[in-house]
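Residue-level structural notes
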Amino acid sequence: ASSSGTLKEKVDLVVNIQEIHSLLKIAYEKYQNEAGFANVSAVGPYIKRVKPDFNSRAYGYAKLPELLAAYPDKYEITKYKGKGKVNIIAYRCKD
């Protein structure tokens, strides 16, 4: 989000980010594993299904994990090895 945006654009972004946080919480409840973490690769497509216009770039983040990392008070992030050379990124909601 650039500082040259209008006040309305900034307010819309704050409202929208609250919606994204709500969706991330719902997705977390839906997709969390036995360790209590939700895999970002499952959550991303879910958010796209329920909010087709979602794009993390609109919030200033290249990818969903960057958006999650920007809110350490809301999300705990973990990374672990998947199959082969794949790294799994997962998160847990803190509240």
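Residues numbered from 1 in each chain as written. Predicted model: local features only at pLDDT ≥ 70, side-chain atom pairs only at ≥ 80, totals over all residues. Heavy atoms only, no water.

1. Let's talk about the pattern of salt bridges
Enumeration over the complete set of coordinates arrives at four salt bridges. Here Lys-51 and Glu-19 are joined by a salt bridge, their closest N and O atoms 3.4 Å apart. Of the two residues, Lys-51 sits in the loop between helix 2 (40-50) and helix 3 (64-69) while Glu-19 sits in helix 1 (residues 7-31), which places them 32 residues apart along the sequence. On the basis of relative accessibility, which here comes to 35%, the residue Glu-19 falls in the partly exposed class. Beyond isolated ion pairs, a larger network of salt bridges with shared partners links Glu-19, Lys-51 and Asp-53. (Salt bridge = Lys/Arg side-chain N within 4 Å of Asp/Glu carboxyl O. Helix = DSSP H or I, 4+ residues; strand = E, 2+ residues; numbered from the N terminus. Buried < 20%, exposed > 50% of the residue type's maximum accessible area, 1.4 Å probe, protein only.)

2. Comments concerning the environment of Asn-16
For Asn-16, the location among the structural elements is in helix 1. When its relative accessible area of 28% is taken as the criterion, Asn-16 is described as partly exposed. For the pair Asn-16 and Ala-58, spaced 42 residues apart in sequence, the C-alpha to C-alpha distance is 9.9 Å.

3. Describing the sheet that holds strand 2 (residues 75-81)
The strands making up a sheet associate through backbone hydrogen bonding, with each pair oriented either parallel or antiparallel. With respect to topology, three strands assemble into an open sheet ordered 1-3-2, the strand pairing being antiparallel. Looking at the sheet topology across the chains shown, the edges are occupied by strand 1 (38-39) and strand 2. (Pairing = 2+ DSSP bridges.)

4. Considering the packing of aromatic side chains
By convention here, two paired aromatic rings are described through the distance between centres and the angle between planes. Under the counting rule described, the total for this entry stands at four aromatic pairs. Members of the aromatic cluster, joined through ring pairs, are Tyr-28, Tyr-75 and Tyr-91. (Phe/Tyr/Trp six-rings, centres within 6.5 Å; stacked < 30°, edge-to-face > 60°.)

5. Describing the side chain of Ser-56
Examined against the element boundaries, Ser-56 turns out to sit in the loop between helix 2 and helix 3. Of note is the side chain of Ser-56, whose polar atom sits 3.1 Å from the backbone oxygen of Tyr-61. Residue contacts for Ser-56: discarding those within four places in its chain leaves Tyr-61, Ala-62, Lys-63 and Leu-64. (Polar contact = N/O pair within 3.5 Å; in protein donor to acceptor, adjacent residues only side chain to side chain. Contact = heavy atoms within 4.5 Å.)

6. Structural notes on the environment of Phe-54
Counting through the fold element by element, Phe-54 comes out in the loop between helix 2 and helix 3. Of the residues examined, Phe-54 reaches a relative accessible area of 8% and is grouped as buried. Taking C-alpha positions, Phe-54 is 8.4 Å from Ile-20, a pair spaced 34 residues apart along the chain.

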